[in-house]
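# Coordinate inspection notes
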Amino acid sequence: MPKAQKSGTATLQLPEKTVELPIYVGTEGERAIDIGALRKESGYITIDPGFVNSGACESDITFVDGEKGILRHRGYDIEELAENCLFLEVAYLLVHGKLPNRSEMQSFSRLMNRNSMLHEDMINFFNNYPEGAHPMAVLSAMVVSLSSFYPEIERESEGADLDMTVTRLLSKLRTIAAFSYKKSIGEPFVYPSHKFTYCENFLNMMFSSPVNDYRPDPLAVRALNLFLVLHADHEQNCSTSVVRFVGSAGSNLYASIAAAICALWGPLHGGANEAVIKMLEQIRQEGGNVARVIERAKSRDTSFRLMGFGHRVYKTYDPRAKIAKRACRQLLDKMGMGGDPLLEIAMELEERALKDDYFVSRHLYPNVDFYTGIAYRAMGIPTSMFTVLFALGRLPGWIAHWLEQHGGEVKKIGRPRQVYTGPVRRAFVPLDERE
Ligand code: ACO
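Note that this is a predicted model, so its numbers are computed, not measured.

### Section: the overall build of the protein chain
Helix and strand counts for the protein chain come out as 18 helices and 6 strands. Relative to the compact-globule value of 22 Å for 435 residues, the protein chain shows a C-alpha radius of gyration of 24 Å, a close match. With the C-alpha coordinates of the protein chain rotated into their principal frame, the extents come out at 75 × 60 × 55 Å. Sorting the 435 residues of the protein chain into buried and exposed places 49% on the buried side. With the model as given, the accessible surface of the protein chain reaches about 22,200 Å², and the carbon-plus-sulfur share is 51%. Taken as two groups, the 50 positive and 52 negative side-chain charges of the protein chain have centres that lie 1 Å from each other.

So this is what it looks like as structure tokens:
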């Protein structure tokens, strides 16, 4: 723990001995007991399934206070970033540690444009996926494939060259994402264009076709920009921890991000935005009985959970969900879809859950995924692309964490321990003598 301030010691009383463990305090007053030497000194390990209470690293990137509902990137409140920034500015902030000035922003955008195309040989890969392949499967495979098209990643891991790798990935992921959608619907790929901004380019690659001269709708562009900003980073969440874990083995940036995409896919993580819409659709098809769904989510007899509700860290309203809810409402109103039945169901679910003792006592609030899917749906984005958009948004955060770990002083491979509970030593039985 070289950066956090040392602040006294904790005394751990074990049956055999007493151990003194250093306490460290972060810049926002978070306290941690350093147990790194515990096993060496006492023979004990700690156990914490799901890492509910374990810090795996120090980080300068993002601060979350789950009790107060605070989220800051590099010291800036998410509310201010969401109100004022382009996604690329936030990406720059996360990766470089500072907001870009105008000339830095211009050269970043230029570099993004210059790197937006895929190698033509990569395009053949898309054609060999079966119809209906989930875009998340395609996305992760394509990202890890980048490491074979750009093997210089191994030496581009430092200084200015690293900027190139980072920008290449940020720019190409957007193209891969749009191509994976076009492949899934059997339409020709639409190439990126220098005349568009980051979000316009993505929407154009998604919706333009030889027979449809699509113009990106400024409302959709603004909403997409906002949702990407809201997803840009969230400290040591599941997929970001995967980036650090894979990266800790010395794996390259592309390999680490591909693994994170797979982690994000799960319905308990980024896949929740897709699961929310499926849940809301089902409620609507079954007659809109919201009270029954709430009872089902509370029941111990089923594994059903209210998707888009609850969060490991937030024990109050997720600040991103507040912004997303407002933006979703505004977008639908402006698009003349204010009476969207899924939005009505979502709002009723939220209202009932927030009055129900089950949800109140467990501090379960809507998370960022609860309302984003409704907005994406209104923008014409298919459900299977929701988690892909989450990945696009989260990419700068993943990159920033990979870089922080890569450039940091603590270089330890991620390797937790376990408490073994299997059989104790037993005699081997040859094949013919086994029952
Ligand atoms: N619906 C119903 N009950 C829930 C929900 C939910 N969405 N979430 C948690 N609970 C209950 C649990 O059953 C448990 O109850 P118990 O104490 O009686 O056993 C209690 O609340 C605590 O839940 P845990 O699973 O221990 O909480 P954890 O922090 O491990 O999980 C998670 C957080 C995975 C987000 C969980 O709330 C969940 O499954 N939510 C639904 C999926 C979802 O929306 N995921 C997106 C997360 S945000 C993101 O990745 C961007």
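### Looking at the site of the ligand
Close contacts around the ligand come from 21 residues, with R300, R305, L306, G308 and F309 the closest. A distance of 2.9 Å separates an oxygen atom of the ligand from a polar atom in the side chain of H269. At 2.8 Å, a backbone N or O of G308 approaches an oxygen atom of the ligand. A per-class count over the shell around the ligand returns 11 nonpolar, 5 polar and 5 charged.

### Quick look at helix α5 (residues 120-127)
Within the span of α5, buried status applies to M122, I123 and F126. Angular distribution of buried residues about the axis of α5 spans 105 degrees; they occupy a single face of the element.

### Quick word on the packing of helix α14 (residues 319-334) against helix α17 (residues 369-378)
Two numbers describe how α14 lies on α17: the axes approach to 9 Å, and their chain directions differ by 25 degrees. The orientation of α14 with respect to α17, classified from their angle, is roughly parallel. As for how α14 packs across α17, the hand of that crossing is left-handed. From α14, A324, K325, C328, L331 and L332 reach across to α17, where they touch Y371, T372, I374, A375 and A378. Across the contact of α14 with α17, the residue classes tally to 8 nonpolar, 1 polar and 1 charged.

### Description of the packing of aromatic side chains
Tallied over the full model, the rule gives 16 aromatic pairs. Note on F179 and Y191: the rings are 5.8 Å apart at their centroids and 70 degrees apart in plane angle, and the pair reads as edge-to-face. With F179 in helix α7 (residues 159-185) and Y191 in the loop between α7 and α8 (198-207), the pair connects residues that are 12 residues apart, well separated along the chain. Taking the centre distance of 5.4 Å and the plane angle of 80 degrees together, the rings of F227 and Y376 count as edge-to-face. Note that F227 is positioned in helix α9 (residues 218-230) and Y376 in helix α17, a separation of 149 residues in sequence. The same class applies to F227 as to Y376, namely buried. Through a chain of ring-to-ring contacts, three or more aromatic side chains come together here, namely F309, Y358, F359, F370 and Y371. It is R362 that lies over the ring of Y358; its NZ or CZ is 3.9 Å from the centre.

### Digging into the sheet that holds strand β6 (residues 76-77)
Taken in spatial order, the 3 strands line up as β4-β5-β6 in an open sheet, and their pairing is antiparallel. A strand with exactly one partner marks an edge of an open sheet, and here the two such strands are β4 (62-65) and β6. Here 2 bridges tie strand β5 (residues 70-73) to β6, and the two strands are oriented antiparallel to one another. Pairing of H73 across the sheet is with Y76, part of β6.

### A few points about the packing of helix α6 (residues 135-149) against helix α18 (residues 386-407)
Relative orientation of the contacting elements α6 and α18 amounts to 35 degrees, with a least axis distance of 8 Å. Listed contacts from α18 to P135, M136 and L139 of α6 are T387, V388 and A391. In the contact of α6 with α18, the residues fall into 5 nonpolar, 1 polar and no charged.

### Some details on the sheet that holds strand β2 (residues 18-25)
Taking strand neighbours across the sheet as the criterion, the 3 strands line up as β1-β2-β3 in an open arrangement whose pairing is antiparallel. Across the chains shown, the open sheet's two edge strands, defined by having one partner strand only, are β1 (5-13) and β3 (31-33). When strand polarity is set aside, the average angle formed by the axes of neighbouring strands in this sheet is 30 degrees. Sheet analysis places β1 next to β2, joined by 7 bridges and oriented antiparallel. If you follow K6 over to β2, its bridge partner there is Y24.

Cut-offs used in this document
- Residues numbered from 1 in each chain as written.
- Predicted model: local features only at pLDDT ≥ 70, side-chain atom pairs only at ≥ 80, totals over all residues.
- Heavy atoms only, no water.
- Helix = DSSP H or I, 4+ residues; strand = E, 2+ residues; numbered from the N terminus.
- Rg over C-alpha atoms; globule rule 2.2 N^0.38 Å.
- Buried < 20%, exposed > 50% of the residue type's maximum accessible area, 1.4 Å probe, protein only.
- Areas by Shrake-Rupley, 256 points an atom, 1.4 Å probe, with all protein chains shown as cover.
- Lys, Arg positive; Asp, Glu negative; His and termini not counted.
- Charge placed at Lys NZ, Arg CZ, Asp CG, Glu CD.
- Near = heavy atom within 4 Å.
- Polar contact = N/O pair within 3.5 Å; in protein donor to acceptor, adjacent residues only side chain to side chain.
- Nonpolar A, V, L, I, M, F, W, Y, C, P; charged D, E, K, R; others polar.
- Arc of directions from axis to C-beta.
- Axes fitted to C-alpha atoms, helices over the stretch in contact; angles between N-to-C directions.
- Parallel < 35°, antiparallel > 145°, perpendicular 65-115°, else oblique.
- Left-handed = near helix turned anticlockwise from the far one by under 90°.
- Contact = heavy atoms within 4.5 Å.
- Phe/Tyr/Trp six-rings, centres within 6.5 Å; stacked < 30°, edge-to-face > 60°.
- Lys NZ or Arg CZ within 6 Å of the ring centre and 35° of its normal.
- Pairing = 2+ DSSP bridges.

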